[in-house]
Amino acid sequence: MHVVVIGAGIIGVTTAYFLRRDGHDVTVIERRSGVAQETSFANAGVMAPSYVAPWSQPGMPAKVLAYLFRPEAPIVFRPSLDPALWRWIVRWLGECRVERFTRNKARMQRLAFYSQAELRALRVLHQLEYEQTTGYLQLFRTHVEVERSAVTRKMLTELGVSHRLLGTDEAHALEPALHAPTRLAGALHLPDDETGNCAFFAQQLKDIAIDDGVDFRFNVAVQGLQFEKQRISGVRTASGNVGGDVFVVAAGIDSAAMLRPLGIRVPMQPVKGYSATAAITAFEHAPRLSVMDETYKVAITRMGKWLRIAGTAELGTRGMQLRDSALRTLLKVAQDWFPYAASYGKSRFWIGARPMLPDGPPVLGTTPIANLYVNTGHGSTGWVMACGSARVVADVIAGKVPAIDLDGLTLDRYTHRR
Ligand SMILES: Cc1cc2nc3c(=O)[nH]c(=O)nc-3n(C[C@H](O)[C@H](O)[C@H](O)COP(=O)(O)OP(=O)(O)OC[C@H]3O[C@@H](n4cnc5c(N)ncnc54)[C@H](O)[C@@H]3O)c2cc1C
């Protein structure tokens, strides 16, 4: 079969790879000049399946309101008159209920753990090096945060995930680069969680896929999907139409607009975030482990010779301009913990738009159109879910039974409301 994949972010690239492995002819169409140049470009790189959870969670609406007028807040909401935004918020509020949150989180974690196993298998198979590190440390500035972590710790125990609550001295002993004068009440150590450079991984997998015969067409924007006789017959581009037997929409935040003319409504909103990448100048002062500042929800990840500092969730804002106060918060947190590690003044800044669905899990697999498939809506956790999502979609296209239960991970939940 000839399969056309639209989008070459981490989701499109992994999808193309698994489709090719199943023996299909694969064409990937990407409007940028290379892979992973949009949301997959400079994300935090964290792969912590046990921490995967929907943004719609109990207590979140109150947090959003509390932060409403604070520019340095880790969560920013700018209300506008856009009806789609308000429809999304109404759904999102409904999904913040405890029982919905618990169900959605379980669905996401099922996919994330499977995905981690698939990624590890690929890493061994192809000897991939993508600046990966092992070990994750959640930093608590206050005793209240330490106490609140009891819920997380209980959940980690239930999931069988290795973890340990550390006192201040133990945390400093484990990560000696932590700046001692910065107030630290405790930390949660997850020794098996990983981080890695998502864009590097995508580039390497793209090279492997090209060697294997996948046709990547860069600088080609899809203008629409051609619908004839109840099927998709091709995609329209400025340089002509591209035909195929099967089509997969993996266009990140643009997926919803691409599907809408076909009557397929995916309630997706961009939730923006920022990162700063700074060159490490003093390796002895740089972290060995990846850390997450619980107060500011900022992750600091070591990627080779660089520190990646990422955070902020911003809903309702227009445009993709960098916002100074968000960038200042990133640098403040990095300098609080690792003041001598990197040349922060020369940081490269980035903004990305998380393709967020109101309930959390992505949409994988079939659509109401027989030869059209989706792999999109991965929100804040597309890197950790990528390999599993891609494998699942390739399995569905091949008519195989995926290794995980797809309940709650498909488009059915929007097309057939339950
Ligand atoms: C600040 C920040 C930190 C994050 N940290 C993490 C993290 O630590 N761990 C994690 O798991 N996830 C993280 N994420 C989320 C993760 O980055 C995303 O979920 C993931 O990158 C989404 O991948 P994607 O391939 O769906 O989208 P994208 O990477 O955006 O790819 C979509 C592609 O489709 C192309 N495209 C769109 N429309 C068209 C068209 N019409 N024609 C041709 N091509 C088209 C785009 O150019 C793009 O290349 C973070 C996100 C942000 C913003």
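Numbering of residues starts from 1 in every chain and runs along the sequence as written. Owing to the predicted nature of the model, reporting of local features is limited to residues with pLDDT of at least 70; listing and counting of side-chain atom pairs is limited to 80 or more, with chain, interface and lining totals taken over all residues. Processing note: side-chain calculations cover all non-hydrogen atoms of the structure and skip hydrogens and water entirely.

**Considering the site of the ligand**
Now for step 1: In the vicinity of the ligand there are 36 residues, among which Glu30, Ser40, Val222, Gly379 and Ser380 approach most closely.
Now for step 2: Whenever two N or O atoms come within 3.5 Å, that pair is a polar contact, provided that in protein one can donate a hydrogen and the other can accept it, and provided that, for residues adjacent in sequence, both atoms are side-chain atoms. Within the contact set of the ligand, a nitrogen atom lies 3.2 Å away from a backbone nitrogen or oxygen of alanine 44. Throughout, the term near means that a residue has one or more heavy atoms lying within 4 Å of the molecule or strand in question.

**Points about the sheet that holds strand E9 (residues 222-228)**
Now for step 1: DSSP calls a pair of strands paired once it identifies at least 2 bridges connecting them. Secondary structure elements follow DSSP: runs of H or I no shorter than four residues count as helices, runs of E no shorter than two count as strands, and numbering proceeds from the N terminus. Spatially, three strands are ordered E9-E10-E11 in an open sheet, and the strand pairing comes out antiparallel. The open sheet has two edge strands, E9 and strand E11 (240-243), and neither has a second partner. The average angle at which neighbouring strand axes cross in this sheet is 30°, direction not considered.
Now for step 2: Pairing of E9 with strand E10 (residues 231-237), which is carried by six bridges, proceeds in the antiparallel orientation. Note that in E10 the partner of phenylalanine 227 across the bridge is isoleucine 232. Fitted lines through C-alpha atoms give the axes, limited to the stretch in contact for helices. The angle between two N-to-C directions lies from 0 to 180 degrees.

**Some details on the pattern of salt bridges**
Close approach of charged atoms allows side chains of opposite charge to pair.
Now for step 1: Salt bridges are defined by distance alone: a side-chain nitrogen of Lys or Arg within 4 Å of a carboxyl oxygen of Asp or Glu. In the structure shown here, the tally under the stated rule is 24 salt bridges.
Now for step 2: Note that glutamate 99 is salt-bridged to arginine 97, the shortest N-O span being 3.2 Å.
Now for step 3: Summary of the burial criterion: residues with accessible area below 20% of their type's maximum are buried, those above 50% are exposed, and those between are partly exposed, where the area comes from a 1.4 Å probe applied to protein chains only. For arginine 97, a relative accessible area of 42% puts it in the partly exposed group.
Now for step 4: Of the charged contacts, one joins aspartate 336 and lysine 332 as a salt bridge, the two residues approaching to 2.7 Å between their closest N and O atoms. Here aspartate 336 pairs with lysine 332, and both are found in helix H9 (residues 324-337), just four residues apart, close to one helical turn.
Now for step 5: Note on lysine 332: relative accessible area 34%, which makes it partly exposed.
Now for step 6: Salt bridges here are not isolated pairs; linked through shared partners, they connect Asp22, Glu118, Arg391, Asp395 and Lys400.

**Quick word on the environment of lysine 297**
Now for step 1: Structurally, the position occupied by lysine 297 is in the loop between strand E14 (290-293) and strand E15 (298-303).
Now for step 2: Separated by 171 residues in sequence, lysine 297 and histidine 126 place their C-alpha atoms 33 Å apart.
Now for step 3: When sequence neighbours within four positions are dropped, the list of residues in contact with lysine 297 reads Pro74, Met292, Ala310, Gly311 and Thr312. Two residues qualify as a contact provided that any one of their heavy atoms is within 4.5 Å of a heavy atom in the partner residue.

**Some thoughts on the packing of aromatic side chains**
Now for step 1: Note on aromatic pairs: the rings of Phe, Tyr and Trp (six-membered ring only in Trp) are paired at centre separations within 6.5 Å, and the planes decide the class, stacked below 30 degrees, edge-to-face beyond 60, tilted for the rest. Under the counting rule described, the total for this entry stands at nine aromatic pairs.
Now for step 2: Measuring from ring centre to ring centre gives 5.1 Å for tyrosine 17 and phenylalanine 18, while their planes differ by 85°; the resulting arrangement is edge-to-face. Here tyrosine 17 and phenylalanine 18 have matching classes, each one buried.
Now for step 3: Consider the rings of tryptophan 55 and tryptophan 92, whose centres lie 5.7 Å apart with planes at 40°: the pair is tilted. Of this pair, tryptophan 55 sits in the loop between strand E3 (46-47) and helix H2 (60-66) while tryptophan 92 sits in helix H3 (residues 83-95), placing them 37 residues apart in sequence. Here the two residues tryptophan 55 and tryptophan 92 agree in accessibility, since each one is buried.
Now for step 4: Each residue in the set Trp55, Trp88 and Trp92 is aromatic and connected to the rest through ring pairs, giving one cluster.

**Some thoughts on the layout of surface pockets**
Empty space among the atoms can be located by rolling a probe the size of a water molecule over them.
Now for step 1: Within this scheme a cavity is a closed region of a 1 Å grid, computed over the protein atoms alone, that accommodates a 1.4 Å probe without allowing it to escape, whereas a pocket is open but has protein on both sides within 12 Å along at least five of seven lines; lining residues each have an atom within 4 Å of a point. Grid points are joined across faces, edges and corners, and a volume is the space filled by probe spheres set on the points. Here the second largest pocket defines a volume of roughly 670 Å³.
Now for step 2: Around the second largest pocket sit 25 residues that line it, and Ala84, Arg260, Val266, Met268 and Gln269 are the ones nearest its centre.
Now for step 3: Secondary-structure elements contributing two or more residues to the lining of the second largest pocket are H3, helix H8 (255-259) and strand E13 (269-279).
Now for step 4: The greatest single-element share of the lining of the second largest pocket, amounting to five residues, is contributed by H3.
Now for step 5: Think of it as three bins: nonpolar holds Ala, Val, Leu, Ile, Met, Phe, Trp, Tyr, Cys and Pro, charged holds Asp, Glu, Lys and Arg, and polar takes everything else, Gly as well. Looking at the lining of the second largest pocket residue by residue, the class counts come to 13 nonpolar, five polar and seven charged.

**So, empty space enclosed by the protein**
Now for step 1: This structure, assessed with the given rule, holds one cavity of 30 Å³ or more.
Now for step 2: Of the pockets and cavities examined, the largest cavity occupies roughly 40 Å³.
Now for step 3: The wall of the largest cavity is formed by Ala53, Pro54, Trp55, Met108, Met356, Gly360, His378, Gly379, Ser380 and Thr381.
Now for step 4: Here the lining of the largest cavity is composed, by residue class, of five nonpolar, five polar and no charged.

**Structural notes on helix H4 (residues 98-126)**
Now for step 1: Look at H4: 41 Å from first C-alpha to last across 29 residues, which is about the 42 Å you get at 1.5 Å a residue.
Now for step 2: Just beyond H4, the residue with positive phi is glutamine 127, at close to 55°. Under the convention used throughout, the expected extent of a helix is 1.5 Å for every residue step, that is, one less than its residue count.

**Thoughts on the pairing of E15**
Now for step 1: Of all six residues in E15, six are buried; the element is thus mostly enclosed.
Now for step 2: Burial along E15 is two-sided: Val298, Ile300 and Arg302 facing one way and Ala299, Thr301 and Met303 facing the other are all buried.
Now for step 3: Relative to E15, E14 runs antiparallel, the two being bridged by three bridges. Residue pairing across strands places aspartate 293 opposite valine 298, the latter belonging to E15.
Now for step 4: Here E14 folds back onto E15, and the loop between the two strands holds four residues, one of which, lysine 297, carries a positive phi near 55°.

**Things to note about the sheet that holds strand E8 (residues 215-217)**
Now for step 1: Read from one edge of the open sheet, six strands run E8-E2-E1-E12-E19-E18, paired in mixed fashion. With partners counted over all chains shown, the strands left at the sheet margins are E8 and strand E18 (363-366), one partner each. Neighbour-to-neighbour, the strand axes of this sheet turn through a mean angle of 20°, independent of strand direction.
Now for step 2: With three bridges joining them, strand E2 (residues 25-29) and E8 adopt parallel strand pairing. When the sheet's bridge partners are listed, valine 28 is paired in E8 with phenylalanine 216.

**A word on the side chain of arginine 107**
Now for step 1: Tracing the backbone shows arginine 107 in helix H4.
Now for step 2: If sequence neighbours within four positions are ignored, arginine 107 has contacts with Pro361, Asp407, Gly408 and Leu409.

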